[in-house]
Amino acid sequence: MCGIIGYTGKAQAAPKLLLCLKRLEYRGYDSAGIAVLCEDNFSVYKRKGRVDELEGAKALSGTTGIGHTRWATHGEPSEKNAHPHLYGRYAVVHNGIIENYRQLKEECEARGERFTSETDSEVIAHLLDFYDEGDVLTALRKTCARLIGSYALAVMRRDRADALYAARRKSPLIVGRGNDGLYVASDVPAIAECGELYSLADGEFALLQQDTIKFFREEGEIGKEQMKLTSRAEFPDKGGYAHYMWKEMCEIPAAIAHSIINFDSDPRFSAFNIVLCHTKYVQIVACGTAYHSGIAAKYLIERAARIPVEVTVASEYRYGDPIIREGTLTLAVSQSGETADTLAAAQLAKERGATVVAVTNAPDSSITRIAHFVLLTQAGREIAVAATKSFNAQLALLYSFGTALAAQQGKTADRSALLSLPALAEQTLSRVEKLKMTAPFYAQARSVYFIGRGADYCAALEGSLKLKEISYLPSEGYPAGELKHGTLALVDEGTPVVAILTQRAVAEKTMNAVSEVYARGGKVLLITSFPEYTARKEVSVSILLPACEELYSPILSVIPLQALAYYTALARGNDPDKPRNLAKSVTVE
Ligand code: M6R
């Protein structure tokens, strides 16, 4: 996944492209580049690394240009593999994956054309030049007809200094008109200042020339309605914090408070409540951290509403053969609302007859256009790649959903405990600082294991993912009972094990696993809401959580785990906001 941008207007293009690329950097940041058209020539500036490396490109002169921030799929992050890619009369930026690029490349090479990068994208510039017999749109159509896979494209032709061309299939692309010119971009926030915005659908093309935007499909020109935005983009700064991640953790109490929904009393949900009445099965599809929030929700929904919940990683769901029975409600959970696998899973569930409900933090994202209903978490924009407050917000919303579903099914569901969660999260945050002292020990570990039972298992998974993601330490999360079925073989003198213990009925069982770790020399960090366990000899360090309704406890127990990952990343000298090899929004499969 990558971020693409294009501008044509009366102003200098380069500074505008750079500003927008900065906003798109959450999509990838291993290399970046821009190309600007000036007097029938492309001026190109590419660098390995982040968009900040393009500072020198500001001076490029020209009023039409395209830009790209990359997350490498084909070819290492390098200057030569950075976009834009140029061939013949064309310059192209691409987001997506061209699955048949090898075959297309061979065809081009057989004609004697030479390639300068290892990317799949470069072939697009070659095809455009090959198919161009005078009309750019025809060349673009013919090129797209040859591509298998996904693409959002912004294209310039050397001798068209006032025109930009765009095309889309399975990768988002937005076209906008601002006071200063016309834009194409991977998402709405990148071009937030545009008063007029249009979302390209699959198979559509756009021509942006002087003051005119035209849309086309294979059959010819089409009309298009402006997007109706439900919110305006925000671009928070670090607000005095050293990192976005820590700032966003400090915003967890507010994110929870704003994401709790009272479905019963809010008239906006009356149609939704009728759906809940008829729901017999719940499916949850999501990736990464959002998948973990689905696991936490399963425990709550099954317990409170007695409705079976299936939680499936979206990339597995989309290529499986999911069974949708009458009364199936599919929750597609995605912070960004742009995750390719989650979008595809939601689309498949919809095609097979499920009622699809998007749970997202991004009001105008792609997932909102697929779902029948949209439930918005109110975490505020999350910048750090490691999801923190968005996870807590997802839990707050999914817990609200679970209690509403229970109520609509005639079960007694106590919502009151939900309302205490923001204050409890605040208290939890105030207790995590002592983990800073523990971080150097974790920083030199070979691997770290997280264990928990029931709802605590979900926290174990999320704690482990967080640590992997930003500290680069090998780590796994397990149900505590699974430890002795294999992983215990990896525990020896000094192995760090984090145990989460908030479920009274299985507390002693988890403590058995803790004793087994201790007996092998493992060092246990205990995260618990039960004070009596903190003083046990098997426990090296503990964090006592405030008392909380047990099924909601992951919303609190994850906070020290997020903090542990943050402090460990710092102790290892890593940038917690931009971990290597990752991106905030995973828009390719
Ligand atoms: O935007 P999404 O919630 O759909 O993203 C899903 C995952 O890519 C995401 O949660 C990822 O695992 C995070 N970087 C974890 O911190």
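The structure under discussion appears in the preceding block.
*Asks:* Would you take a moment to explain unusual backbone geometry for this structure?
*Replies:* Comment: phi is negative for the bulk of residues other than glycine, and the bulk of peptide bonds are trans. Here His83 and Pro84 are connected by a cis peptide whose omega angle stands at 0 degrees. Here Pro84 shows up in the loop between β4 (64–70) and β5 (85–87). Positive phi is not limited to glycine here, since Glu39 has a value of about 45 degrees. On the secondary structure map, Glu39 appears in the loop between β2 (31–38) and β3 (41–48). Assessed through its relative accessible area of 71%, Glu39 is described here as exposed.

*Asks:* Just to check I follow, could you spell out the site of the ligand for this structure?
*Replies:* Around the ligand lies a shell of 15 residues, among which Ser334, Gln335, Ser336, Thr339 and Glu469 are the nearest. Measuring from an oxygen atom of the ligand, one finds a backbone N or O atom of Gln335 at 2.7 Å. Contacts to the ligand include Ala387, whose backbone N or O atom sits 2.8 Å from an oxygen atom. Only α8 (288–305) and α16 (455–471) provide two or more residues apiece to the shell around the ligand. Class assignment for the residues of the shell around the ligand results in seven nonpolar, six polar and two charged.

*Asks:* Sorry if this is basic, but what is going on with the pairing of β3 here?
*Replies:* Side chains on a regular strand alternate between the two faces of the sheet. Two strands pair when backbone bridges link them, and β2 and β3 are joined in this way by eight bridges, in the antiparallel orientation. Across the sheet, the residue bridging to Leu37 is Phe42, located in β3. The hairpin turn running from β2 into β3, its antiparallel successor, is two residues long, and Glu39 in that turn takes a positive phi close to 45 degrees.

*Asks:* Looking at this structure, how should I read the packing of α16 against helix α18 (residues 554–571)?
*Replies:* The description of two helices packed together rests on the angle between their axes and the distance between the axes. For the pair α16 and α18, interaxial distance at closest approach is 9 Å and the crossing angle is 20 degrees. In terms of orientation, α16 lies roughly parallel with respect to α18. In this structure, α16 meets α18 at a crossing whose hand is right-handed. From α16, Ala455, Cys458, Ala459, Glu462, Gly463, Lys466, Leu467, Ile470 and Ser471 reach across to α18, where they touch Pro554, Ser557, Val558, Leu561, Gln562, Leu564, Ala565, Tyr566, Thr568 and Ala569. Here the contact of α16 with α18 is built from residues that sort into 12 nonpolar, five polar and two charged.

Reading the values: the criteria
- Residues numbered from 1 in each chain as written.
- Predicted model: local features only at pLDDT ≥ 70, side-chain atom pairs only at ≥ 80, totals over all residues.
- Heavy atoms only, no water.
- Helix = DSSP H or I, 4+ residues; strand = E, 2+ residues; numbered from the N terminus.
- Buried < 20%, exposed > 50% of the residue type's maximum accessible area, 1.4 Å probe, protein only.
- Near = heavy atom within 4 Å.
- Polar contact = N/O pair within 3.5 Å; in protein donor to acceptor, adjacent residues only side chain to side chain.
- Nonpolar A, V, L, I, M, F, W, Y, C, P; charged D, E, K, R; others polar.
- Pairing = 2+ DSSP bridges.
- Axes fitted to C-alpha atoms, helices over the stretch in contact; angles between N-to-C directions.
- Parallel < 35°, antiparallel > 145°, perpendicular 65-115°, else oblique.
- Left-handed = near helix turned anticlockwise from the far one by under 90°.
- Contact = heavy atoms within 4.5 Å.

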